[in-house]
Amino acid sequence: MPMKRERERDQDVDQDVDLDTVADELYGLRPEEFIPTRAARAAAARTAGDRALATEIGKLRRPSLSAWASNLLVRERRSEVEPLLRLGEGLRQAHQDLDGAQLRELSRQQRVLIGELSRQAGQLAAQAGHPISDAARHEVESTLHAALADPEAAREWASGRLTKPFSSATDFPTVAAPATARRAPPSPAAESSHARRPAPRDTKAGKERRRRLTQARKDADKAAREFRAQEDETATATRQAFAAKKHLDETQQRVAELTAELQHAKTEHQQARTAEQEARNEARTADRRLREARRRAERAAGEVQGLEAGDDQ
C-alpha cells in the first residue's frame, strides 16, 4: 500500500509538471542522476499523453562537470548571485571610463572574487562527491569571468542550468579612446577661445559612473571577505566532519570488537553452565553410588558379625 500511494503521488506530480520544472530539477541533480531522471520524466510525460513535453525533456543536455559545479555554486550560494550580477553591471559600466591605474585595481578585485568563487565551487563539488580537476576549475573561472563581463552570460549563469562552460574569450568592453585622438587639431583661434572658457564641471553621468565604480569596489571587497570567511568556515566544518567520521569509524570498530567479545563470553558462559550441570549430575550420581556402597558395606559387616557370633556359640 505505501508503494502504491507513492506511485499515485508521483503520477499526480507528473500531471502538473512543465519543462521549466523538469529542467530546474534535472540541473540540480548529481551528474550520475541526470540521465536516468531525464528518462523517467520523459516517460511520465509520454504516459500522460504530452509527447511534445517528452520530446523537449529529451533534448535537455547533461552538463559537463565544470558546468555542473557552476550550477551547484549558483544553487548553494543563492545569496551571492544578485550581488555578483550587480557587481558585473557596475564593472561593465566602469570599464567605459577608467584609466590604467583604475583598471589594474579593478582587475585585481576581479581575480580575488573569481578565485574565491571558483574555490567555493570546487569545495561544493567535492562535498557532493565529485571533486573537479584543475582544468575543470579553470573552466569554472572562465564561466565566472564571462558572467561578470557579459549580461547575457550572467543571466544564463544565474539560471543554474548551464550545460557547458563559457569561453574565456568573453571580456569586458575596451575603454574608448579619448575623443581628442579622433579629432583634428583645433585651430589657434579655437584654442584661444577654448582657453577662455571655464573647464566643464563634472557631468551627472560622470558622477554616476564614479559612484557606481565606488560601490562596485565596495561590493567586490565585501564579497571577497565574505567568501574568505565562508571558505574558512567550510574548511573548519569539513575538518570537523572528517574528524567525526573518523571517530564514528573507531567507535563502530570498537562496538564490533566488543560485540565479538560479548559473543565469545556468552559462548564461554554457556559452556561453563553446561559443564557445571554435567559436574552436578556426576556429583549426584557419585553420591548415590556412595550411599549404595555404604549400604552394601554395612550389610556385609553385619553378615560378618553374625557369622562370627555363630562360631562363638
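Counting starts from 1 at the beginning of each chain's written sequence and moves along it residue by residue. Totals for whole chains, interfaces and linings use all residues, but because this is a predicted model, local features are given only for residues with pLDDT of at least 70 and pairs of side-chain atoms are given and counted only at 80 or more. The side-chain quantities take in all heavy atoms of the structure and omit both hydrogens and water.

## Some thoughts on the packing of helix α5 (residues 65-76) against helix α8 (residues 134-149)
Here is step 1 of the chain: Every axis corresponds to a line fitted to the C-alpha atoms, with the helix fit spanning only the stretch in contact, and the corresponding angles, defined between N-to-C directions, vary from 0 to 180 degrees. Helix and strand definitions follow DSSP, with helices as H or I runs of at least four residues and strands as E runs of at least two, each counted in order from the N terminus. Taken N-terminus to C-terminus, the directions of α5 and α8 make an angle of 55 degrees; their axes are 8 Å apart at the nearest point. Taken together, α5 and α8 sit at an angle that is classed as oblique. Read as a crossing pair, α5 and α8 show a hand that is right-handed. On the side of α5, the interface is formed by Ser-66, Ala-69, Ser-70 and Leu-73, while α8 contributes Ala-136, Glu-139, Val-140, Thr-143 and Leu-144.
Here is step 2 of the chain: Residues are grouped as follows: nonpolar covers Ala, Val, Leu, Ile, Met, Phe, Trp, Tyr, Cys and Pro; charged covers Asp, Glu, Lys and Arg; every other residue, Gly included, is treated as polar. By residue class, the composition of the contact of α5 with α8 is five nonpolar, three polar and one charged. The cut-offs work like this: below 35 degrees is roughly parallel, past 145 is roughly antiparallel, 65 to 115 is roughly perpendicular, and the gaps in between are oblique. For a crossing to be left-handed, the near helix must be turned anticlockwise from the far one by less than a right angle; the clockwise case is right-handed. By definition, residues are in contact when any of their heavy atoms lie within 4.5 Å.

## Here we look at the side chain of Thr-37
Here is step 1 of the chain: Note that Thr-37 resides in helix α3 (residues 31-47).
Here is step 2 of the chain: For each residue, the accessible area found with a 1.4 Å probe, counting protein chains only, is set against the maximum for its type, and the residue is called buried under 20%, exposed over 50%, and partly exposed in between. According to the relative accessible area criterion, Thr-37 is buried, its value standing at 16%.
Here is step 3 of the chain: Discounting chain neighbours no more than four positions away, the residues touching Thr-37 are Glu-25, Leu-26 and Leu-29.

## Here's the deal with the packing of α8 against helix α9 (residues 151-159)
Here is step 1 of the chain: α9 packs onto α8 with a crossing angle of 125 degrees between their chain directions and a minimal axis gap of 6 Å. For the element pair α8 / α9, the angle class is oblique. Between α8 and α9 the crossing geometry is left-handed. Here Thr-143, Leu-144, Ala-146, Ala-147 and Ala-149 of α8 lie close against α9, whose contacting residues are Pro-151, Ala-153, Ala-154 and Trp-157.
Here is step 2 of the chain: A class-by-class count of the residues in the contact of α8 with α9 yields eight nonpolar, one polar and no charged.

## Some remarks on the packing of aromatic side chains
Here is step 1 of the chain: Pairing of aromatic side chains here covers Phe, Tyr and the six-membered ring of Trp, requires ring centres within 6.5 Å, and sorts the geometry by plane angle: under 30 degrees stacked, over 60 edge-to-face, intermediate tilted. Overall, the coordinates contain one aromatic pair when judged by the stated rule.
Here is step 2 of the chain: Ring centres of Tyr-27 and Phe-34 lie 5.3 Å apart, and the angle between their planes is 55 degrees; on these two criteria the pair is classed as tilted. For the pair shown, Tyr-27 and Phe-34 are each scored as buried.

## Focus: the pattern of salt bridges
Charged atoms that come close allow side chains of opposite charge to pair.
Here is step 1 of the chain: Here, a salt bridge means any Lys or Arg side-chain nitrogen found within 4 Å of an Asp or Glu carboxyl oxygen. Summed over the entire model, instances satisfying the criterion amount to nine salt bridges.
Here is step 2 of the chain: Where Glu-116 meets Arg-119, a salt bridge forms, and the shortest distance between an N and an O atom there is 3.2 Å. Taken together, the residues Glu-116 and Arg-119, both in helix α7 (residues 100-127) and three residues apart, mark about one turn of the helix.
Here is step 3 of the chain: By relative accessible area, Glu-116 is classed as buried at 5%.
Here is step 4 of the chain: Taking the relative accessible area as the measure of exposure, Arg-119 reaches 29% and is therefore partly exposed.

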